[in-house]
Amino acid sequence: MTHPLKALAMAVRNLLRGGRRTVSTLLAILVGLVGLTLLDGYITYSMNGLRWSVIHSGTGHIQVVKSPAFLDEGDSDPFPFMLDNAGQIQDRLRAMPQVADVVPAVSFTAVASANGKTTTVMVTALPTDKAARYLEARRIEAGKDLAAGQTGSILLGRGVARKLGVAPGAPVSLFALTEGGGVNTQTYGVTGTTATVIAALDNTAVFMDLSDAQALMGTQQVPQLIVFLKETADTNPVAAKLRADLGGLTIRTWEQLSPYYQQANSAYQLVLAVARFIVLIVALFSISGTLSLSVMERLREVGTLRAFGTRRAGLLTMFVWEGLALGLAGALVGCAAGAGISGLLNLFGGVTMPPQPGTSEAFRILFTPETSKFFDNALWVVGASIVGALFPGMLASRRKIADLLRA
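Residues numbered from 1 in each chain as written. Predicted model: local features only at pLDDT ≥ 70, side-chain atom pairs only at ≥ 80, totals over all residues. Heavy atoms only, no water.

**Quick notes on the packing of aromatic side chains**
Phase 1: The final tally for this structure, using the stated rule, is 4 aromatic pairs.
Phase 2: With 4.8 Å between their ring centres and 75° between their planes, W254 and Y261 make a pair best called edge-to-face. Grouping residues by exposure puts W254 and Y261 together as buried. (Phe/Tyr/Trp six-rings, centres within 6.5 Å; stacked < 30°, edge-to-face > 60°. Buried < 20%, exposed > 50% of the residue type's maximum accessible area, 1.4 Å probe, protein only.)

What follows is the structure, encoded as structure tokens:
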């Protein structure tokens, strides 16, 4: 039995005899892997950015609420879902080493009115100092942010400000349901307008201090606790522990609270799978075609090997080694080129993308392919190379010795 290194060396020597044909096959694999690497880098960067936006737009890593019904009904009527012992729960959560902070919050639907115009808005209220720290995805477009200790002020999403025709400094009245079923109204000064990458959020968002929101609603309680972790990777383990420790409460992770993220991730992964399949098909047929032509040119050589006692299995193994050599070389060069081009694009500041569906702003992306995906792509290409070598190998091994020598 031929030693693997010797067999690989012989395969490389045979491929070098192919010259341009071998080079063209390697180029086809290289182009496919570079494209796959850039696509993976784009998807990884986009999903990391979307994950950050979801977490830092008020969702947090984990939310603790009274029941699952709050997630469907709490915005319109949060009062049945108020937490009776929110302070004690916060103390327990803050004692966990993975937890960075716990933020009490309330969100509710209200009606905003100004200049004779009204619109329905979604109010998000956190302690002002916590909001400034953790709502990093919220960008102040005009005016200024809420200040700690400041009451009687609100921030408007730029879409809300546009609908009402107001600017920073203008008064806006909010109408909201109170705990007793009545309606309360209060006028607030607009300190600024905010913008995010999600246009739909900007068209309904209003931010205010938690104490102002509680006064407007006539309650001192909150229906949800937003948990921010030190590391996003700890989300699922911490959520599992909280479900065990806080059995009577509902625990939801940022991913569960963001169907948009799940849909985007599923769509991107489908695109990546299709792209990988196309690259594999190209690699398979390129290598199969290259080795098929090589077989046609080496029929007498193959016949001589058979005449000197080389078995069909040995002949098939020889061509499989050639396919393996092509696949390894293509995978190595393709992955290296993909990493190099990604780094070069990042060095020049990435690529500016137009606004995506559901977003309002163009954004700049970098290419950050995952290291594990390099290994996966290379493994699939090598596998396709071996499969692509089987057909010409079987074609050559099944022909009679006499026919091979007469070719």
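**A few points about helix 2 (residues 20-59)**
Phase 1: Taking 1.5 Å of rise per residue, the 40 residues of helix 2 would be expected to cover 58 Å, and the 56 Å separating its terminal C-alpha atoms lies within 8% of that figure.
Phase 2: Backbone geometry just after helix 2 places G60 at a positive phi near 70°. (Helix = DSSP H or I, 4+ residues; strand = E, 2+ residues; numbered from the N terminus. Expected span 1.5 Å × (residues − 1).)

**Comments concerning the nonpolar core**
Phase 1: By size, the foremost hydrophobic cluster in this structure holds 45 residues, and its most contacted members are L93, F108 and L174.
Phase 2: The greatest single-element share of this core, amounting to 7 residues, is contributed by strand 2 (residues 99-114).
Phase 3: One finds L50, L126, A205 and Y261 within the second-largest nonpolar core, a separate group that totals 43 residues. (Core = buried A, V, L, I, M, F, W, Y, C linked by side-chain atoms within 4.5 Å.)

**Some details on the pairing of strand 5 (residues 153-157)**
Phase 1: For strand 5, the buried fraction is high: 5 of the 5 residues fall into the buried class.
Phase 2: Burial along strand 5 is two-sided: S153, L155 and G157 and I154 and L156, pointing in opposite directions, are all buried.
Phase 3: The pairing of strand 5 with strand 7 (residues 183-195) spans 5 bridges and is classified as parallel. Looking across to strand 7, one finds that L156 is bridged to T193.
Phase 4: Alignment of strand 5 against strand 8 (residues 205-209), held across 3 bridges, turns out to be antiparallel. (Pairing = 2+ DSSP bridges.)

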